[in-house]
Amino acid sequence: MVFQLGAPLLDACVLAVLAKNDAYGYVLSQEVKRVVDISESTLYPVLRRLQKDDCLTTYDQAVSGRNRRYYSLTEKGKGLYKDYQREWESFKASIDLLLGGNANG
């Protein structure tokens, strides 16, 4: 993808994955990577920031003798995700108009 991904859109992608299910870091990174080319070194600061902003919470779960840290949306995170969804629809409609993606344009 040639377009740069800003912090709010990356936040929205992370929140979208977690809106479906709680996830640990590796699974979360793989889901986000399906649509955005990011590295784990980019993802973990996003997770820490969202957690600091009370949008995410974590819990540990033992798997094969090791703990995995799972991330989960808080109520604030769910609200932020809904806000991002509304903003995305508006943004997407505007870009479609400019780029000719709207059949009515």
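The structure under discussion appears in the preceding block.
Here the structure is a predicted model, which is why all the values come from computation and not from measurement.

Student: Pulling in residues and values, what's your account of the overall build of the protein?
Tutor: Helix and strand counts for the protein come out as four helices and three strands. Starting at the N terminus, the α and β elements of the protein follow one another as α-β-α-α-β-β-α. In terms of overall dimensions, the protein has a C-alpha envelope of 55 × 30 × 20 Å along the principal axes. Looking at the protein as a whole, 29% of its 105 residues are labelled buried. For the protein, restricting intrachain contacts to residue pairs at least 6 apart in sequence, the fraction spanning at least 24 positions comes to 46%. Entry remark: accessible area of the protein is about 7300 Å², with carbon and sulfur atoms responsible for 51%.

Student: Tell me about the packing of helix 1 (residues 7-20) against helix 3 (residues 40-52), and name the residues and values.
Tutor: Direction vectors running N to C along helix 1 and helix 3 enclose 80°, while the axes themselves pass 11 Å from each other. Judged by the angle between their axes, helix 1 and helix 3 are roughly perpendicular. Where helix 1 approaches helix 3, its residues Ala7, Leu10, Asp11, Val14 and Leu15 are matched on the opposing element by Thr42, Leu43, Val46, Leu47, Arg49 and Leu50. Here the contact of helix 1 with helix 3 is composed, by residue class, of eight nonpolar, one polar and two charged.

Student: Which residues make up the environment of Val46, and what values go with them?
Tutor: Along the chain, Val46 turns up in helix 3. Taking the C-alpha atoms as reference points, Val46 and Leu10, separated by 36 residues in sequence, lie 7.9 Å from one another. Contacts of Val46, omitting those with residues within four sequence positions, involve Leu10, Asp11 and Val14.

Student: For helix 3, give the residues involved together with the corresponding values.
Tutor: In this model, helix 3 (13 residues) spans 18 Å end to end at C-alpha, consistent with the 18 Å of a helix rising 1.5 Å per residue. Among all positions of helix 3, only Leu43, Val46, Leu47 and Leu50 are buried. Looking straight down helix 3, one finds that the buried residues subtend no more than 100° of arc, so they occupy a single side. The exposed set on the far side of helix 3, more than 90 degrees from its buried face, consists of Ser41, Arg48 and Lys52. Taken together, the buried residues of helix 3 touch helix 1, helix 2 (25-33), strand 2 (56-63), strand 3 (66-73) and helix 4 (75-99). In the stretch just after helix 3, Asp54 is the one whose phi turns positive, near 65°.

Definitions and cut-offs
Residues numbered from 1 in each chain as written. Predicted model: local features only at pLDDT ≥ 70, side-chain atom pairs only at ≥ 80, totals over all residues. Heavy atoms only, no water. Helix = DSSP H or I, 4+ residues; strand = E, 2+ residues; numbered from the N terminus. Buried < 20%, exposed > 50% of the residue type's maximum accessible area, 1.4 Å probe, protein only. Contact = heavy atoms within 4.5 Å. Areas by Shrake-Rupley, 256 points an atom, 1.4 Å probe, with all protein chains shown as cover. Axes fitted to C-alpha atoms, helices over the stretch in contact; angles between N-to-C directions. Parallel < 35°, antiparallel > 145°, perpendicular 65-115°, else oblique. Nonpolar A, V, L, I, M, F, W, Y, C, P; charged D, E, K, R; others polar. Expected span 1.5 Å × (residues − 1). Arc of directions from axis to C-beta.

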